[in-house]
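Coordinates in review
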Amino acid sequence: MFDHRRMLARMDFQATLFAEDPTDTAPGAPGPLDGHVERTDLGRGAWLDVRRDWLAGVADGVFDALVHDVPWRAERRQMYDRVVAVPRLLHTYGAGEPLPHPGLTAAREALSAHYADELGEPFTTAGCCYYRDGNDSVAWHGDTIGRGARQDTMVAIVSFGDPRRLALRPRGGGPSTAVVMGHGDLVVMGGSCQRTWEHAVPKVAHAGPRLSVQFRPAGVF
Ligand SMILES: O=C(O)CCC(=O)C(=O)O
């Protein structure tokens, strides 16, 4: 038989839990960053920050908006004597361009505020990648087309959909490492990471769609 007293006691308990939970935030807002980001020192002046479930409250909506509202483009590139399809879809939102979901705008603002002292400038652009399945991937590289080749900087990645590994290896050799990026997770590559380390999202046998949004400061590509 349904026990109302037990039910009420449980509701009281849950209300207390939610009221006192310091991580409780307005629905849809990014979760807090201060005190919730785990930093790993990679060596050579590079580091990696991870904040699990950072955008959990909006992750489903952001996933839908990214799939349906981004003007995705397929690229092709020369590989030896052949032109091959780049195995993922791409789009970049430049500085000042509206993002496809308010949760992403809030995320960019929160990142700019949290890293202001260390980075000294805001995140401005949002590169978006659509990995349609496990065959989509990105090969080893650093974001060194712009200032990242010469200066310390940050690239902040928020991930939506199926989990995929971000693999990292030091340039010139040494043990590699990896972090799994799940639905709503934040991963930030910082310090010298773009010029002293390389990263990749390797192919996997089976995976559903994954979307990645990378926030970068101006002049970092
Ligand atoms: O998919 C990711 O999260 C990483 C993407 C990336 O490394 C890049 O586009 O430069």
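Higher on the page you've got the structure.
Before going into details, it helps to say that this report is about the structure given with it. No experiment lies behind these values; they were computed from the predicted model shown.

Reading guide: rules and limits
Residues numbered from 1 in each chain as written. Predicted model: local features only at pLDDT ≥ 70, side-chain atom pairs only at ≥ 80, totals over all residues. Heavy atoms only, no water. Phe/Tyr/Trp six-rings, centres within 6.5 Å; stacked < 30°, edge-to-face > 60°. Helix = DSSP H or I, 4+ residues; strand = E, 2+ residues; numbered from the N terminus. Buried < 20%, exposed > 50% of the residue type's maximum accessible area, 1.4 Å probe, protein only. Core = buried A, V, L, I, M, F, W, Y, C linked by side-chain atoms within 4.5 Å. Contact = heavy atoms within 4.5 Å. Pairing = 2+ DSSP bridges. Axes fitted to C-alpha atoms, helices over the stretch in contact; angles between N-to-C directions.

**Structural notes on the packing of aromatic side chains**
- Evaluation of the coordinates by the stated rule reveals 3 aromatic pairs.
- Seen in terms of ring centroids, tryptophan 72 and tyrosine 130 are 5.4 Å apart; in terms of plane orientation they differ by 50°. Their pairing is tilted. Highlighted residues: tryptophan 72 in the loop between helix 2 (59-69) and strand 3 (73-79) and tyrosine 130 in strand 5 (residues 125-131), separated in sequence by 58 residues. The residues tryptophan 72 and tyrosine 130 share a single accessibility class, namely buried.
- A ring pair is formed by tyrosine 115 and phenylalanine 123, whose centres lie 6.4 Å apart and whose planes are at 75°; its orientation type is edge-to-face. Residues tyrosine 115 and phenylalanine 123 agree in their burial class; the two are buried.
- Through successive ring pairs, a cluster of aromatic residues spans Trp47, Tyr115 and Phe123.

**Focus on the nonpolar core**
- Judged by nonpolar contacts, the single largest core of 32 residues is most densely connected at Leu66, Leu104, Leu111, Val158, Phe160, Val213 and Phe215.
- A total of 4 residues in this core trace back to one element, the largest contributor, which is helix 2.
- When near neighbours in sequence (up to four residues on either side) are disregarded, leucine 66 contacts Trp72, Pro100, Leu104, Cys128, Phe160, Leu211 and Val213.
- Counting 20 residues, the second largest nonpolar core, distinct from the first, contains Ala46, Tyr131, Ile157 and Trp197.

**A short note on the sheet that holds strand 9 (residues 177-181)**
- Ordered by their spatial adjacency, 4 strands build an open sheet running 6-11-8-9, and the pairing between neighbours is antiparallel. What marks the edges here is a single partner per strand, and that holds for strand 6 (138-141) and strand 9. Recorded for the sheet is a direction-independent mean angle of 15° between the axes of neighbouring strands.
- Looking at chain direction, strand 8 (residues 164-170) and strand 9 are connected through 5 bridges and run antiparallel. Bridge pairing in strand 9 links leucine 168 to threonine 177.

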